[in-house]
Amino acid sequence: MKVLIVLLLAVVSLCHALQRGRDYMQDKVCQDFISMGKDNFRSGVIIMNSKKFSSATFEEISHLVKEVVSLAEKCCAPGTDPNCYEDGSSALSAKSCDENSPFPEHAGIATCCTHQGLERKLCLAALHQPAKEIPTYVEPSNEELCEAFKKDPRDFADRFTHEYSSNYGQAPLPVLAGSIKSYLSMVGTCCTSPSPTVCFLKEKLERKTLSILTAMSNRVCSRYAVYGKEKSKFRPLPLHPSLQASSIFGPLPAPSSRMVSLGTWFLVPRVCQNSEFYSCGLVLQPQTSNRALVMLAQKIPSASFEDIFPLAEDSAEVFSKCCDSMAEDCMQKELSELTTKICTKLSSKDERFADCCRGNNLMENYLCMYSLQPAKSTQLPEIQKPTDEQLCSDDGSHQKERYVFEIARRNTNIPEVFLSKLYDVFHNVIDKCCSAADSIACLTSKRPQLRAEIFRFLAKANELCGEYTTLTFLEFKQRLKESFSKTLPDATPDFLTQLVEQRADFASTCCIMNAPPTYCSLKAQSKYSD
């Protein structure tokens, strides 16, 4: 696996070539294409573009891969015309704008194609599709795997690489690439074995840790991508999707650029200039440490803030360090150390955590703790609200986090996605007041409004999710039907059924621990507004 990771590192290093100009970039591309070999280069292109275009079909990705590899082959041959790369990338740009283009579709293509030259290339480079929050990949049976493999080994490998990368694309690249290589090796070995069933059992057991690591790192890094780093303090600016996209469409400007490397050929800078397409700034999402704080508070409400907060900070630091890391062992090493810290601190305080920590496989232990459902809410003393002076002091951020922690451990049935919205409301009001000329007067006047907003938010969250965790699904739907019948006595049976199904669908997806954050945040905002 180390060879593959080294090759992928070589691919990602192409971003630095962009800062040295067109000729250097072409030289670097060709150097890596030759050192990697056509097949490994091609596999890297499949992985990176399946990650980037997660909703694209295999056929669309295949067309793109074919063009990219063909361009590399053509332009890296001895005696090639110096303008080969530039001309080829320009031709690809034009092909992307053709109404019959076979490449992945994107709503922004039409706008990009109204421009010409570098402006068009930059715009096309920026296009990408949102990552899948809920993986849809279902592993076929051993028999189905071997049938597809024996029919066409290369097509099987390509299709698996595409589907796996599009479903688990938020996992760190070394983890994803290693998992794909391991899986394809297993299939190749077992489908040619005289005892395939025994072989698959043995091989799947051996790759169990890697399989768990891939799934878990995809989950935690998906949330990191949404919630941001623990110490990000700036609110979102209107950033073009280029911050997560990339391109083969030609050399990009080096001046005032911060390069973002996302893999084979598909590279784009964060361009800090006044442009129709780009603007710069730090991105803030609800803080990652707050999410970890809420999650642990709801799973073990008997633990104190002093017990939980350092672990939440450590969790955020792991994701910040490893989700975009190209170090092969970063995620496994750091998650293992984090698991040990959590077990040392919390296993004596909660039997469920103690059970999870008894295993010898740290990845399995982390998965066990991550999968724990919220505990039942317990009676706790009244929350000690921070004073106005505390909120605007140097320790103000700590006071806000403690307050969110106290709300979370008293409302364990309210999903984190709601509490993140609540934190936003709380954070916005306090930040505005603390920057006002008379911060104390501002907070004093805003407290009643803030208190009412918090109660309204918690009431709505309880209305949407309060009974979901305590009733069976059928009981929950029956309770919904009774509730809607009372509040809407004139509604038709069909309309009531529709309301029940919509609410039940929301609850089954979003009223659970570790719910998909982007999807549920939008749904929660919609229902809260209603």
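Because the structure is predicted, anything quoted here is derived from the model rather than measured.

## Examining the overall build of the protein chain
And then number 1: Along the backbone of the protein chain there are 25 helices and 2 strands.
And then number 2: Taking contacts inside the protein chain between residues at least 6 apart in sequence as the whole, the part at least 24 apart equals 72%.
And then number 3: Working note: accessible area of the protein chain is about 25300 Å², and carbon and sulfur atoms make up 53% of it.

## A few points about helix 18 (residues 362–371)
And then number 1: When helix 18 is considered as a whole, its buried residues turn out to be M363, N365, Y366, M369 and Y370. Here the buried residues of helix 18 occupy an arc of 160° about the axis, which is enough to place them on one side.
And then number 2: The distance from a side-chain oxygen at the start of helix 18 to the backbone nitrogen of M363 is 2.9 Å, and the residue carrying that oxygen is N361.

## Details of the state of the cysteines
Here a disulfide denotes a covalent bond joining the sulfur atom of one cysteine to the sulfur atom of another.
And then number 1: For the coordinates displayed, the defined rule picks out 13 disulfides.
And then number 2: The side chain of C112 participates in a disulfide bridge whose partner is C123; the two sulfur atoms lie 2.0 Å from each other. Between C112 and C123, the S-S torsion sits near -70°, and that sign places the bridge as left-handed. Highlighted residues: C112 in helix 7 (residues 109–112) and C123 in helix 8 (residues 117–126), separated in sequence by 11 residues. The pair C112 / C123 is uniform in exposure class, with both members buried.
And then number 3: Residue C146 pairs covalently with C191 via a disulfide, S to S 2.1 Å.

## Re unusual backbone geometry
Excluding glycine, residues mostly carry a negative phi; peptide bonds, for their part, are mostly trans.
And then number 1: Positive phi, close to 65°, is recorded for N514, a residue that is not glycine.
And then number 2: Following the sequence through the fold, N514 ends up in the loop between helix 24 (493–510) and helix 25 (517–529).

## Some thoughts on the pattern of salt bridges
Oppositely charged side chains are able to pair whenever their charged atoms sit close together.
And then number 1: All told, the structure shown has 28 salt bridges when counted by the stated rule.
And then number 2: A salt bridge links K202 to E206; its shortest N-O distance comes to 3.0 Å. In this pair, K202 and E206 both sit in helix 12 (residues 196–206), 4 residues apart, roughly one turn of the helix.
And then number 3: Overall, the relative accessible area of 48% leaves K202 in the partly exposed class.

## Some remarks on the packing of aromatic side chains
For any pair of aromatic rings, the description consists of the separation of the ring centres together with the inter-plane angle of the planes.
And then number 1: Overall, the coordinates contain 14 aromatic pairs when judged by the stated rule.
And then number 2: Note on Y468 and F476: the rings are 5.2 Å apart at their centroids and 85° apart in plane angle, and the pair reads as edge-to-face. The two residues Y468 and F476 agree in class, both being buried.
And then number 3: Joined through ring pairs, the aromatic side chains of Y137, F160, Y164, Y168 and Y183 make up one cluster.
And then number 4: In this arrangement the basic side chain of K299 is found over the ring face of Y370, its NZ or CZ atom lying 5.6 Å from the centre.

## Some words on the packing of helix 22 (residues 439–465) against helix 24
And then number 1: Look at helix 22 against helix 24: their axes get within 9 Å of each other, and the N-to-C directions meet at 100°. Classified by the interaxial angle, the pair formed by helix 22 and helix 24 is roughly perpendicular. From helix 22, E463, L464 and C465 reach across to helix 24, where they touch R503, F506 and A507.

## A few points about helix 21 (residues 416–434)
And then number 1: Compared with an ideal rise of 1.5 Å per residue, which puts 19 residues at 27 Å, helix 21 spans 26 Å between its outermost C-alpha atoms and is within 8% of the ideal.
And then number 2: Burial within helix 21 is extensive, with 14 of its 19 residues counted as buried.

## Let's talk about the side chain of T214
And then number 1: For T214, the position within the fold is in helix 13 (residues 208–227).
And then number 2: Judged by relative accessible area, T214 falls into the buried class, the value being 0%.
And then number 3: Separated by 3.2 Å, the side chains of T214 and S179 make a polar contact.

## Regarding the confidence of the model for the protein chain
Close inspection of predicted coordinates is inappropriate in any region flagged by low pLDDT.
And then number 1: When pLDDT is averaged across the protein chain, the result is 80; 83% of the residues are at 70 or more.
And then number 2: Scored below 50 in pLDDT, residues 1–22 shows 51 contacts in the model against residues more than four places distant or in partner chains.
And then number 3: Taken together, the stretch residues 230–286 has pLDDT below 50 and engages in 161 contacts with residues farther than four places along the chain or on a different chain.

## Points about the nonpolar core
And then number 1: Counting 83 residues, the largest nonpolar core has M331, L335, L346 and F418 as its most contacted members.
And then number 2: Once residues within four sequence positions are removed from consideration, M331 is found in contact with P172, V175, L213, S217, C221, V318, C322 and C323.
And then number 3: Counting residues in each nonpolar core, the second largest holds 23 residues, with C146, F156, A171 and C199 among its members.

## Thoughts on the environment of A461
And then number 1: Relative to the elements of secondary structure, A461 occurs in helix 22.
And then number 2: Residue classification places A461 among the buried residues on the basis of a relative accessible area of 1%.
And then number 3: Between the alpha carbons of A461 and F418 there is a distance of 6.7 Å; along the sequence they are 43 residues apart.
And then number 4: Excluding residues within four positions of it along the chain, A461 makes contact with I414, F418 and G466.

Reading guide: rules and limits
- Residues numbered from 1 in each chain as written.
- Predicted model: local features only at pLDDT ≥ 70, side-chain atom pairs only at ≥ 80, totals over all residues.
- Heavy atoms only, no water.
- Helix = DSSP H or I, 4+ residues; strand = E, 2+ residues; numbered from the N terminus.
- Contact = heavy atoms within 4.5 Å.
- Areas by Shrake-Rupley, 256 points an atom, 1.4 Å probe, with all protein chains shown as cover.
- Buried < 20%, exposed > 50% of the residue type's maximum accessible area, 1.4 Å probe, protein only.
- Arc of directions from axis to C-beta.
- Polar contact = N/O pair within 3.5 Å; in protein donor to acceptor, adjacent residues only side chain to side chain.
- Disulfide = S-S within 2.5 Å.
- Salt bridge = Lys/Arg side-chain N within 4 Å of Asp/Glu carboxyl O.
- Phe/Tyr/Trp six-rings, centres within 6.5 Å; stacked < 30°, edge-to-face > 60°.
- Lys NZ or Arg CZ within 6 Å of the ring centre and 35° of its normal.
- Axes fitted to C-alpha atoms, helices over the stretch in contact; angles between N-to-C directions.
- Parallel < 35°, antiparallel > 145°, perpendicular 65-115°, else oblique.
- Expected span 1.5 Å × (residues − 1).
- pLDDT = per-residue confidence, 0-100.
- Core = buried A, V, L, I, M, F, W, Y, C linked by side-chain atoms within 4.5 Å.

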